[in-house]
Amino acid sequence: MVFDVLEPEDPVDDFVAVDLADQAATAEALEQALGGRTITRLVNNVGAVRPALLEDAALDDFDYLMALNVRSAIQCTKALAPGMRAAGFGRIVNVSSRSVRGKELRTNYAATKAALIGLTRTWALELGGDGITVNCICPGPTATELYVEANPPDSPRTRAALAAIPAGRIGTPEDMAHTIAFFLDERSSFVTGQAIMVCGGSSLGNRESYAPS
């Protein structure tokens, strides 16, 4: 399988490209990234969808998505948590999905993204006493390159998705980054174990059902 690696546009201290579905490669990348230092902020933001109706949902796809979307989050957090505990400070943000509220063609994907919410609540309880917060965002439709490629603007499915968003627009990567930045902020120490929908209100239901008769 070939992955496109998006190099960061802005300079960073270190950039390590890795296939997070590969446990051994992820362990090696974590060792390289840590390099004897402490990392106190972590965003578990990874995912593949592999959409399919229930009858067509492949169990091999489920295993792959669990490894990529969930196991990698556990592995990365396990690697960084000891340093955060020692520092008495940490910020962890998991990126789930609005699809946990229900979405067609998402049996395997929604299951893995729902698991991240459970991890968020569990880790918040386990790590809170050491000054570490753990929160989660659940993005709605977001105009990433992959989303735009898979959802052409003139597609009936895309138009239906837009019609269901009370904010009247598709989300942007900046919308997600702004919310993540709030959770990562040192001043957000009293917010933990939360999962927030960043979805333009689409998690409220189809806005047509609330239209005046």
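This text follows the structure it describes.
Residues numbered from 1 in each chain as written. Predicted model: local features only at pLDDT ≥ 70, side-chain atom pairs only at ≥ 80, totals over all residues. Heavy atoms only, no water.

Student: Explain the side chain of Ser188 here, please?
Tutor: Along the chain, Ser188 falls in the loop between helix H6 (173–184) and strand E4 (195–198). A distance of 2.5 Å separates the side chain of Ser188 from the backbone oxygen of Phe182, its partner in a polar contact. (Helix = DSSP H or I, 4+ residues; strand = E, 2+ residues; numbered from the N terminus. Polar contact = N/O pair within 3.5 Å; in protein donor to acceptor, adjacent residues only side chain to side chain.)

Student: Could you clarify how one ought to interpret the nonpolar core in this entry?
Tutor: Across soluble globular proteins, you tend to see nonpolar side chains buried next to one another. Core analysis: the biggest nonpolar cluster contains 16 residues, and Ile92 and Val134 have the highest contact counts within it. Contributions of two or more residues to this core are made by helix H1 (23–34), helix H2 (59–87), helix H3 (107–127) and strand E3 (132–139). Beyond its immediate stretch of four places on either side in the chain, Val134 contacts Ile92, Asn94, Thr120, Trp123, Ala124, Leu127, Thr192, Gly193 and Gln194. If you look at the next biggest cluster of nonpolar residues, it comprises eight residues, including Ile137, Met176, Ile180 and Phe183. (Core = buried A, V, L, I, M, F, W, Y, C linked by side-chain atoms within 4.5 Å. Buried < 20%, exposed > 50% of the residue type's maximum accessible area, 1.4 Å probe, protein only. Contact = heavy atoms within 4.5 Å.)

Student: Explanation requested: the sheet that holds strand E2 (residues 90–95) in the structure shown.
Tutor: The strands making up a sheet associate through hydrogen bonds between their backbones, and the pairing can be parallel or antiparallel. Spatially, the four strands line up as an open sheet ordered E1-E2-E3-E4, and their pairing is parallel. The outermost strands of the open sheet, each flanked by one partner alone, are strand E1 (41–44) and E4. This sheet shows a mean twist of 20° between the axes of neighbouring strands, independent of strand direction. Summarising the sheet, E2 and E3 pair through six bridges and their orientation is parallel. (Pairing = 2+ DSSP bridges. Axes fitted to C-alpha atoms, helices over the stretch in contact; angles between N-to-C directions.)

Student: Could you clarify how one ought to interpret the packing of aromatic side chains in this entry?
Tutor: Where two aromatic rings form a pair, the distance of their centres and the angle of their planes describe that pair. Considering all chains together, one arrives at one aromatic pair under this definition. Each ring, one from Phe182 and one from Phe183, has its centre 5.4 Å from the other, and the planes form 55°; the classification is tilted. Since its relative accessible area comes to 44%, Phe182 is described here as partly exposed. Accessibility expressed as a relative area gives 4% for Phe183, which makes it buried. Arg50 extends its terminal NZ or CZ atom over the ring of Tyr64, reaching a point 4.0 Å from the ring centre. (Phe/Tyr/Trp six-rings, centres within 6.5 Å; stacked < 30°, edge-to-face > 60°. Lys NZ or Arg CZ within 6 Å of the ring centre and 35° of its normal.)

Interpretation note: all reported values are geometric properties and have no functional meaning in isolation.
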